[in-house]
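# Summary of the model geometry
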Amino acid sequence: MNTEERGIFSDIPNIWNNFTETYDFFPEIFHSGWLVAILLSMVGILIVARSKVFIGAAITQTSTFGISIALFIIGLEGMSDATGQAKDGLILFYSILAACLCTFWAFVNKSFFWQLLQKLKLPVQTSKESNQNSKEDVTAWLFLLSSAGSIVLLSKSPIGKEVIDKLIFSTIIGATKEDVNLVATISLIGITLICLFMDKVTLVFTDRDYATAIRLPATFIEIVFALFSGVALGACLKISGTLYTFGCLVLPVLISANFIKSTRVLFFMAPIAAFLFAFLGFALGNFYDIPQTQLTVFCMGIFYPISLLFNSLFIKN
Amino acid sequence: MNNHQISISDLSLGYSSKKVISQANLNISEGDFWGLVGPNGQGKSTFIKTLMGLVRPLSGKIKYVGLSRKDIGYVPQRSSVTSTLDMTTTEFIALSAPGLPFSKTRKSTITSVLKSVWLNNKGGRSIKTLSGGERQRLSIARALVRNPKLLILDEPDTGLDFTSIGHLTELLTELNANKKITILLISHNLHTVQRLTSKTVLFAHGQAHSGATSEVLTNEKITAAFTNSQISQDSVLKWLQKEA
């Protein structure tokens, strides 16, 4: 063990040199990976605040299904001759659309949908009970249907299947400058929204009843979040795949929450933690030739129980 | 002379497809301490939501004199703090008052409301480390930071032990007597309502019967109201046994 430890520590200068060399050649890969981690950790705070961690997995899987539908349509429409940009646009659109449908279902109060249906004069009856039902069953159904559907739909398309395999494998190799710009733009919008409305959003997501009672526009805030998180998740999934997306969505938040008592501080801590883990995962993965996204999620996964231990020893009391 | 008052006349409440209460009449004056009792599903929550302006009445009028809906403080049920994320007591209070997190008087305001609910030694503590009773008093502190003239509490004693209920009733009495805050208390604990309130509304069978607590909480009326009601039967039976 000592030999191995000495090996890792003596490798540090080499790891750094190797990282800087590769970084110069493929900056887009590193930038997109780090930005995806930062963006998703911000979104993840509110998902964890609503205790809907597993819904995050269902959303990423549904988004994969959306990409699968896009690839299926490309095959049907004979778009194989279309430009890469047009195909990319269609794939991104379906990925975001599928994610948005999920986030609207998961985070917007159902009374909004009832009121909307009633305004459209559809014969629906308001159901108070349906709001209180657990969403676990639908979450599981979404997860399974999307997982199976994305493979079944493209089983006759070798190219399409390869894309889906790549997404499930969660590789970030091939990220472009456009991807970096897209995630950077969404992140900037996210940071601006957090700076402006952090307290209101936190209250709506931690205590909706009270937020409504003091006249915060809870449903409006939920709609904006559903839209924003749908766009963020859809875009990040297309760039980095399901494992990395889901991992960065929840693990940095769960880890950071074990070190602090304040939800407001979490909005700063979680993105910092996400960046540090992504930096470590990408640098080590690059040097030891291990898939970087998997290594990042693995490092976070290993660190989570350590953070739990720290919490029970030093924070709780 | 009363400084503020809420007059409710011929009020019918419910949702588009279902009427919950018909023709309710009530006058809530400054310094009143009202109890709202009745089986679940009989309109207590709809009534307070309507008072807060969150639900529109089907018919009838609510007239606010000397206060607006912003002067109403609300303490939801314990279960409303559902987040898995932790929060400090200070943050919990600060979040509810717009502008407070960045104001110069933030610290002193929060210290003052924590003191008013006897939690002055809990500033900056994690809310997860507080007992059920302390969390409930913290919820009251959160409502008090907005300087309410009327405080509505939705089943604050649910799940609390005997000592915590004692602290809570003592606190509510003090807020009502010394700070002149008008209080509406929803509770299934008829003993608490009987001990604390001077007036009571009994919600049952689509009607809201209001009057002096001693006149409303009679064996006859309570038995009639809770017949066929599964929920809160235990607490009601205990109360009836004691009264008998």
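Residues numbered from 1 in each chain as written. Chains lettered and ligands numbered in written order. Predicted model: local features only at pLDDT ≥ 70, side-chain atom pairs only at ≥ 80, totals over all residues. Heavy atoms only, no water.

Helix and strand counts for chain A come out as 14 helices and zero strands. Secondary structure of chain A in N-to-C order comes out as α-α-α-α-α-α-α-α-α-α-α-α-α-α. Scored against the burial criterion, the 317 residues of chain A give a buried share of 48%. For chain A, the share of sequence-separated contacts (at least 6 apart) that also reach a separation of at least 24 residues comes to 76%. Accessible area of chain A: about 15700 Å², with a carbon and sulfur share of 69%. (Helix = DSSP H or I, 4+ residues; strand = E, 2+ residues; numbered from the N terminus. Buried < 20%, exposed > 50% of the residue type's maximum accessible area, 1.4 Å probe, protein only. Contact = heavy atoms within 4.5 Å. Areas by Shrake-Rupley, 256 points an atom, 1.4 Å probe, with all protein chains shown as cover.)

Residues and elements named next belong to chain B. Mapped onto the fold, Thr 158 is located in the loop between strand S6 (150-154) and helix H5 (162-177). Accessibility expressed as a relative area gives 40% for Thr 158, which makes it partly exposed. Placed 30 residues apart in sequence, Thr 158 and His 188 show a C-alpha to C-alpha distance of 8.0 Å.

It is worth spelling out the nonpolar core at this point. Residues Phe 47, Ile 140 and Leu 172 of chain B are the most contacted members of the largest nonpolar core, which totals 129 residues. Broken down by element, this core gets its largest block of residues, 14 residues, from helix H2 (residues 27-49) of chain A. Both domain 1 (14-55 + 155-244) and domain 2 (67-148) of chain B contribute no fewer than three residues apiece to this core. If near-sequence neighbours (up to four positions away) are discounted, Leu 172 of chain B is found in contact with Phe 33, Ile 140, Leu 153, Ile 183, Leu 185 and Leu 196 of chain B. (Core = buried A, V, L, I, M, F, W, Y, C linked by side-chain atoms within 4.5 Å. Domains from an automatic or database assignment.)

Every other side chain in a regular strand lies on the same face of the sheet, so the side chains alternate between the two faces. Residues and elements named next belong to chain B. Of all five residues in strand S3 (residues 33-37), five are buried, a share of seventy percent or more. Side-chain alternation along S3 places Phe 33, Gly 35 and Val 37 on one buried face and Trp 34 and Leu 36 on a second face that is also buried. Pairing of S3 with strand S7 (residues 182-186), which is carried by four bridges, proceeds in the parallel orientation. When the bridges of S7 are listed, Phe 33 appears paired with Ile 183. The sheet contact formed by S3 and strand S8 (residues 199-204) spans four bridges and is parallel. The residue bridging Gly 35 from the neighbouring strand is Thr 200, located in S8. (Pairing = 2+ DSSP bridges.)

So, on to the packing of H2 of chain A against helix H12 (residues 242-257) of chain A. Residues and elements named next belong to chain A. Their axes nearest at 7 Å, the elements H2 and H12 cross at an angle of 60 degrees. In terms of axis orientation, H2 runs oblique to H12. Remark: the crossing between H2 and H12 carries right-handed chirality. Contacts between H2 and H12 involve Gly 33, Trp 34, Val 36, Ala 37, Leu 40, Ser 41, Val 43, Gly 44, Ile 45, Ile 47 and Val 48 from the first element and Tyr 244, Thr 245, Cys 248, Leu 249, Pro 252, Val 253 and Leu 254 from the second. (Axes fitted to C-alpha atoms, helices over the stretch in contact; angles between N-to-C directions. Parallel < 35°, antiparallel > 145°, perpendicular 65-115°, else oblique. Left-handed = near helix turned anticlockwise from the far one by under 90°.)

Moving on, we get to the sheet that holds S6 of chain B. All names here are of chain B. Taken in spatial order, the six strands of this open sheet run S5-S6-S7-S3-S8-S9, and their pairing is mixed. Each having just a single partner strand, strand S5 (72-75) and strand S9 (207-212) make up the two edges of the open sheet. Strand after strand, the sheet turns through a mean of 15 degrees between neighbouring axes, direction not considered. Judged from the four bridges that link them, S5 and S6 form a sheet pairing that is parallel.

Okay, H5 of chain B next. All names here are of chain B. Under the 1.5 Å per step criterion, the end-to-end length of H5 is 22 Å for 16 residues, consistent within 8% with the ideal 22 Å. Taken together, the buried positions of H5 are Ser 164, Ile 165, Leu 168, Thr 169, Leu 171, Leu 172, Leu 175 and Asn 176. Here the buried residues of H5 occupy an arc of 160 degrees about the axis, which is enough to place them on one side. Away from its buried face by more than 90 degrees, H5 exposes Phe 162 and Thr 163. Buried residues belonging to H5 abut S3, helix H3 (106-116), helix H4 (132-144), S6, S7 and helix H6 (190-196). Sitting at the amino-terminal end of H5 is Asp 161, which places a side-chain oxygen 3.3 Å from the backbone nitrogen of Thr 163. (Expected span 1.5 Å × (residues − 1). Arc of directions from axis to C-beta. Polar contact = N/O pair within 3.5 Å; in protein donor to acceptor, adjacent residues only side chain to side chain.)

A few words now on the packing of aromatic side chains. Centre distance and the angle of the planes are the two values used to describe a pair of aromatic rings. On inspection of all chains with the given rule, the structure shows 25 aromatic pairs over all chains. A centroid spacing of 5.8 Å and a plane angle of 55 degrees characterise the contact between Tyr 23 of chain A and Phe 30 of chain A, whose relative ring orientation is tilted. Its relative accessible area of 1% is what places Phe 30 of chain A among the buried residues. Through a chain of ring-to-ring contacts, three or more aromatic side chains come together here, namely Trp 16, Phe 19, Tyr 23, Phe 30, Trp 34, Tyr 244, Phe 275, Phe 279 and Phe 282 of chain A. Across the ring face of Phe 205 of chain A, the terminal group of Arg 50 of chain A is positioned such that the distance to the ring centre comes to 4.5 Å. It is Arg 142 of chain B that lies over the ring of Tyr 210 of chain A; its NZ or CZ is 3.6 Å from the centre. (Phe/Tyr/Trp six-rings, centres within 6.5 Å; stacked < 30°, edge-to-face > 60°. Lys NZ or Arg CZ within 6 Å of the ring centre and 35° of its normal.)

Residue and element names in this part refer to chain A. The end-to-end C-alpha distance of H2 is 33 Å, a good match for the 33 Å that 23 residues give at a rise of 1.5 Å each. Where burial is concerned, most of H2 is hidden: 18 out of the 23 residues are buried. Of the residues flanking the end of H2, it is Ser 51, one or two places downstream, whose phi is positive at about 55 degrees.

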